There are 2 protein chains.
Amino acid sequence: MAHSLANQIDRYRDKLTEADQRLLDVLLRDPGQSAMLSAAEVAREAGVHAAAAVRLAQKLGYEGYPDMRSALRSEIVASDSSRRIAETLAGSEGDLLASLIASEVDTLLGLIQHIDQAAIEDAAKAMLKARSIALCAQGNSVVLADLLDRRLRRAGFRTSLITGQGRELAERLIPLGRNDMLVCFAFRRLPREVTGALDHARQVGATTLVIADHIARRLPRTPDHVLAAPRGRAEEFLTLTVPMAICNALILTIARIDGGQSVSTLDALETLIKRFD
Amino acid sequence: MAHSLANQIDRYRDKLTEADQRLLDVLLRDPGQSAMLSAAEVAREAGVHAAAAVRLAQKLGYEGYPDMRSALRSEIVASDSSRRIAETLAGSEGDLLASLIASEVDTLLGLIQHIDQAAIEDAAKAMLKARSIALCAQGNSVVLADLLDRRLRRAGFRTSLITGQGRELAERLIPLGRNDMLVCFAFRRLPREVTGALDHARQVGATTLVIADHIARRLPRTPDHVLAAPRGRAEEFLTLTVPMAICNALILTIARIDGGQSVSTLDALETLIKRFD
DNA sequence: CGATTAATGCAATTATAGTTGCATAACAGG
DNA sequence: CCTGTTATGCAACTATAATTGCATTAATCG
């Protein structure tokens, strides 16, 4: 911290010239933006010559302009949005819950940029049209498939949850036909099971939907519907929050489209449960 | 928007090579950071040659790498976190995804006021002490129990997932003893299975942890550890986002407390998976 | 298998960004 | 009003980044 940009500026404050001030105005007004610009670009915005930017950097103790800029950059990383929320929430270092919440919130807010309601509606309509829905998942994403399976059943859909591998999976895929739908989940890696199932679905003429993270870009052929959004930065602990939100939005959208159809199924379920009690 | 980077990628999706995808993984995983880097730096992170980065930019219709990078930069401005919150909350009329996200974010931020890191740490320590951990869940919360089960196993814990009812459940509870731990999930309703299991655990001297929503107030006797937080307003569609965040925080805290113990178990898992491949 | 094509890395080249010596302009103190 | 000092811009120069031709490798198809 002793060498943060702000500190360096304070040290040399009284030795700063007119040009220096104008440059710092630009740099500090929006560090996020100016950390991306070249010396010449910042200088132009400040209305001074590029040389002034270089001399400012040297005056502040950096080796040159690129050196000062990377100092700026690392400070931006340290105060980027998720961490900023974390600090606001907690104030205390090492509060894992607060950091986790901050990062989840940040990623959830980012979701809106990657998926739009129209795509969800398309997928929902396709599901409503399907005779039955097969859910195919491996590893951790089985959890999600299970969730979607429960919610769909409760809404009156005919579903089957397929989580096996190899022969097991192949056998369960057999019933899939022209009017059915296959929903696949893929996170981080693209399991052979998923690509295989998708190929099969295409062959028999079933509709396909893939729910995924950034791995969706690696899909060999485009499925009929893709709902994909990143789950956070690479270094972070990756959770299922974002894909779960996608599934929930899907359910809500189905409920709205079919206007009460699935709600009345819910009532039927309540009655059924009471009978068993 | 017609020429956003994401759009360009979709247009050329099937023409993307291995190197292209590795580069895009780096670029899209953390655009804020990579928008500051040179072609060579991004290429190094992606493990490809700088030339590949230049060619990708040209393939996507940009004049060259700097051109693509500035496209990336202008998109970053538009997705700054404070702006996103505003947009998400504002334009959510009829947009179910946006409203859902807004409500999830709101509830997640509220979580911090209901649970503090200290309570999570207490629970984590108890789990580390336990000989084995039984996870007891009914209905939808089975999904969560499954998630926690997977993560705990991966961290080297001995767990058992108990989701049955009546006799089935009773039989599975038999092994529970003095040094074991029982984790119960309860949302919205307080199933007889949960109260029964908790009573049994108390009787045999096992430690108990309950993960719940507002229903925690209705617990007949206080378990050793309670991690509870509301999942949103009553009228809303209630999701598992908040309890999932609690589970994830629990896992992260365990990982920190046992300092690498569970990480090395993860390594062992990777080796095991490869052997089966 | 061999032939053909596409993909990739290397290295040379070109373009751009960063730096610095020098001349000029602005200003303060004599 | 002159002189010395400092700040600034210009332009030449150096360093770094971007680009591209070419050779090699990997993959595809007959």
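Residues numbered from 1 in each chain as written. Chains lettered and ligands numbered in written order. Predicted model: local features only at pLDDT ≥ 70, side-chain atom pairs only at ≥ 80, totals over all residues.

## Side note on the protein's contact with DNA strand C
In the region of DNA strand C, 19 residues are neighbours, and A:S38, A:A39, A:G64, A:Y65 and B:T17 sit closest. Among the elements that line the surface near DNA strand C, the one with the most residues is helix 5 (residues 50–59) of chain A, at 5 residues. Considered class by class, the residues forming the surface near DNA strand C number 12 nonpolar, 4 polar and 3 charged. (Near = placed C-beta within 6 Å. Helix = DSSP H or I, 4+ residues; strand = E, 2+ residues; numbered from the N terminus. Nonpolar A, V, L, I, M, F, W, Y, C, P; charged D, E, K, R; others polar.)

## Considerations on the environment of A:G164
Residues and elements named next belong to chain A. Take G164: it is sitting in the loop between strand 2 (159–162) and helix 11 (166–173). With 14 C-beta atoms packed within 10 Å, G164 lands in the partly exposed category. Each C-alpha atom, one on G164 and one on G139, is 9.7 Å from the other, the two residues being 25 residues apart in sequence. (Buried ≥ 20, exposed ≤ 12 C-beta atoms within 10 Å, placed from the backbone.)

## Observations regarding the environment of A:A40
Residues and elements named next belong to chain A. Position of A40 relative to the elements: it lies in helix 4 (residues 39–46). Assessed through the 14 C-beta atoms surrounding it within 10 Å, A40 is described here as partly exposed. Separated by 10 residues in sequence, A40 and A50 place their C-alpha atoms 4.6 Å apart.

## Quick word on the sheet that holds strand 5 (residues 225–228) of chain A
Residues and elements named next belong to chain A. If you trace the 5 strands from one edge of the open sheet to the other, you get 2-1-3-4-5, paired in parallel fashion. Only two strands of the sheet have a single partner each, and these edge strands are strand 2 and strand 5. With strand direction ignored, the average angle separating the axes of adjacent strands in the sheet is 15°. Relative to strand 4 (residues 207–212), strand 3 (residues 181–186) runs parallel, the two being bridged by 6 bridges. Residue M181 lies in a different strand from strand 4, and its bridge partner there is T207. The sheet contacts of helix 12 (residues 192–204) involve strand 1 (133–136), strand 3 and strand 4, and relative to strand 3 the element is tilted by about 160°. (Pairing = 2+ DSSP bridges. Axes fitted to C-alpha atoms, helices over the stretch in contact; angles between N-to-C directions. Contact = placed C-beta atoms within 7 Å.)

## Topic: the sheet that holds strand 4 (residues 207–212) of chain B
Residue and element names in this part refer to chain B. Here 5 strands make up an open sheet; going across it, the order is 2-1-3-4-5 and the pairing parallel. Two strands close off the open sheet at either side, each with one partner strand: strand 2 (159–162) and strand 5 (225–228). Across the sheet, the axes of successive neighbouring strands diverge by a mean angle of 15°, strand direction being ignored. In the sheet, strand 4 pairs with strand 5 via 4 bridges, with the strands oriented parallel. Residue pairing in the sheet places A212 in a bridge with A228 of strand 5. Across the sheet, helix 10 (residues 142–154) touches strand 1 (133–136), strand 2 and strand 3 (181–186), and the angle it forms with strand 2 is around 170°.

## A closer look at the protein's contact with DNA strand D
In the vicinity of DNA strand D there are 19 residues, among which A:T17, A:E18, B:S38, B:G64 and B:Y65 approach most closely. For the surface near DNA strand D, the elements supplying multiple residues, two or more each, are helix 2 (18–29) and helix 5 of chain A together with helix 4 (39–46), helix 5 (50–59) and helix 6 (65–78) of chain B. Here the surface near DNA strand D is composed, by residue class, of 12 nonpolar, 4 polar and 3 charged.

## Notes on the packing of helix 4 of chain B against helix 5 of chain B
The packing of two helices is summarised by the inter-axis angle and the distance between the axes. Residue and element names in this part refer to chain B. In the contact formed by helix 4 and helix 5, the axes pass within 7 Å of each other and the chain directions differ by 110°. Taken together, helix 4 and helix 5 sit at an angle that is classed as roughly perpendicular. Between helix 4 and helix 5, the contacting residues are A39, A40, V42 and A43 on the first element and A50, A52, A53 and V54 on the second. Of the residues belonging to the contact of helix 4 with helix 5, the class tally is 8 nonpolar, no polar and no charged. (Parallel < 35°, antiparallel > 145°, perpendicular 65-115°, else oblique.)

## Side note on helix 13 (residues 241–257) of chain B
Under the 1.5 Å per step criterion, the end-to-end length of helix 13 of chain B is 24 Å for 17 residues, consistent within 8% with the ideal 24 Å. Most of helix 13 of chain B is tucked away, with 13 of its 17 residues classed as buried. (Expected span 1.5 Å × (residues − 1).)

## Points about the pairing of strand 2 of chain A
All names here are of chain A. As paired elements, strand 1 and strand 2 share 4 bridges and run parallel to each other. Looking at the pairing, L135 lines up with L161 of strand 2. Tracing the backbone out of strand 1, into helix 10 (residues 142–154) and back to the parallel element strand 2 gives a crossover that is right-handed. (Right-handed = clockwise from strand over helix to strand, strands pointing away.)

## Concerning the environment of B:T159
Residues and elements named next belong to chain B. Relative to the assigned elements, T159 resides in strand 2. Residues T159 and M181, 22 residues apart in the sequence, show an inter-C-alpha distance of 9.4 Å. Beyond its immediate stretch of four places on either side in the chain, T159 contacts S132, I133, L135, D149, L152 and R153.

## Considering the interface of chain B and chain A
Taken together, the contacts link 48 residues of chain B with 47 residues of chain A. Only helix 2 (18–29), helix 7 (81–90), helix 8 (96–111), helix 9 (117–129), helix 10 and helix 13 of chain B provide two or more residues apiece to the side of chain B that touches chain A. Per-element tally for the side of chain B that touches chain A: the top contributor is helix 8 of chain B, with 10 residues. Of the residues belonging to the side of chain B that touches chain A, the class tally is 26 nonpolar, 11 polar and 11 charged.

Everything listed here is a matter of coordinates, which is why it stays silent on function.
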